[in-house]
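Structural characterization, general
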Amino acid sequence: MQTEMMDNIRECIQQNDSIKGDAIDDAVANMSRIFTVADTTVNDKEAMEAFDKYNKLEIYRHSFYSTARLRNNLSTEGIRVGVGIFNLVIPTVKYSDIILFVSTIKNYNKERLIDPVPQDDYIGENPNVTEYHYLGDPDN
């Protein structure tokens, strides 16, 4: 199961050179992966090293079947990416389930919350503010 799922994941990474239209494209690709193997002539060493670095494939054996779950930073509980029954592995992996690189989304820690006012712009004078104490209603 482990070997077959890694082959299916390698095929998924290799096939992701075109735009997917919808979920049917992924389903058809996964069904074709049941009967095919990944192209070993393609040198995708960097992609597979990135896969091993950021993802973890776990195989769970049940009484009549087994499941494969992929864990990474996006899905800490894991995403089911394959089902095996009677020595047949049916992959359900999508390219969007796999993390191959990690980067910052936006660098918020260097961004100022309030931009300072430029010194050459005249924004007016400060008003003369005095303290005000309420002494109650003088008529009562």
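This structure is a prediction, so every number in the text was calculated from the model and none was measured.

Once that is clear, we can look at the overall build of the protein chain. Helix and strand content of the protein chain: three helices and four strands. Along the chain direction, N to C, the helices and strands of the protein chain fall in the order α-α-α-β-β-β-β. Across the 140 residues in the protein chain, those meeting the buried criterion constitute 26%. Taking the intrachain contacts of the protein chain between residues at least 6 apart in sequence as the baseline, contacts between residues at least 24 apart amount to 58%. Accessible surface, the protein chain as shown: approximately 11,300 Å² in total, 55% of it carbon and sulfur.

Time to look at the pattern of salt bridges. Here the structure, examined in full by the defined rule, presents two salt bridges. Here lysine 56 makes a salt bridge to glutamate 58, at a shortest N to O gap of 3.5 Å. Overall, the relative accessible area of 15% leaves glutamate 58 in the buried class. Arginine 71 serves as the salt-bridge partner of glutamate 58, at 2.7 Å between the closest nitrogen and oxygen. Within this pair, whereas glutamate 58 is found in strand β1 (residues 56-61), its partner arginine 71 is found in strand β2 (residues 65-71), the two being separated by 13 residues in sequence. For arginine 71, a relative accessible area of 27% puts it in the partly exposed group. By sharing partners, the salt bridges in this structure join Lys56, Glu58 and Arg71 into a single network.

Position of asparagine 55 among the secondary structure elements: in the loop between α3 (45-54) and β1. Residue asparagine 55 is classed as buried on the basis of its relative accessible area, which comes to 7%. Only 2.6 Å separates the side chain of asparagine 55 from the backbone oxygen of isoleucine 99, close enough to count as a polar contact. Sequence-distant contacts of asparagine 55, defined by excluding residues within four places in its chain, comprise Ala50, Leu70, Arg71, Asn72, Asp97, Ile98 and Ile99.

Turning next to the pairing of strand β3 (residues 79-85). Pairing geometry for β2 and β3, over six bridges, is antiparallel. Directly across from leucine 70, in β3, lies its bridge partner isoleucine 79. Pairing analysis gives four bridges linking β3 to strand β4 (residues 88-91), with the strands arranged antiparallel. In the sheet register, isoleucine 85 faces β4, and the bridge partner there is leucine 88.

Calculation criteria
Residues numbered from 1 in each chain as written. Predicted model: local features only at pLDDT ≥ 70, side-chain atom pairs only at ≥ 80, totals over all residues. Heavy atoms only, no water. Helix = DSSP H or I, 4+ residues; strand = E, 2+ residues; numbered from the N terminus. Buried < 20%, exposed > 50% of the residue type's maximum accessible area, 1.4 Å probe, protein only. Contact = heavy atoms within 4.5 Å. Areas by Shrake-Rupley, 256 points an atom, 1.4 Å probe, with all protein chains shown as cover. Salt bridge = Lys/Arg side-chain N within 4 Å of Asp/Glu carboxyl O. Polar contact = N/O pair within 3.5 Å; in protein donor to acceptor, adjacent residues only side chain to side chain. Pairing = 2+ DSSP bridges.

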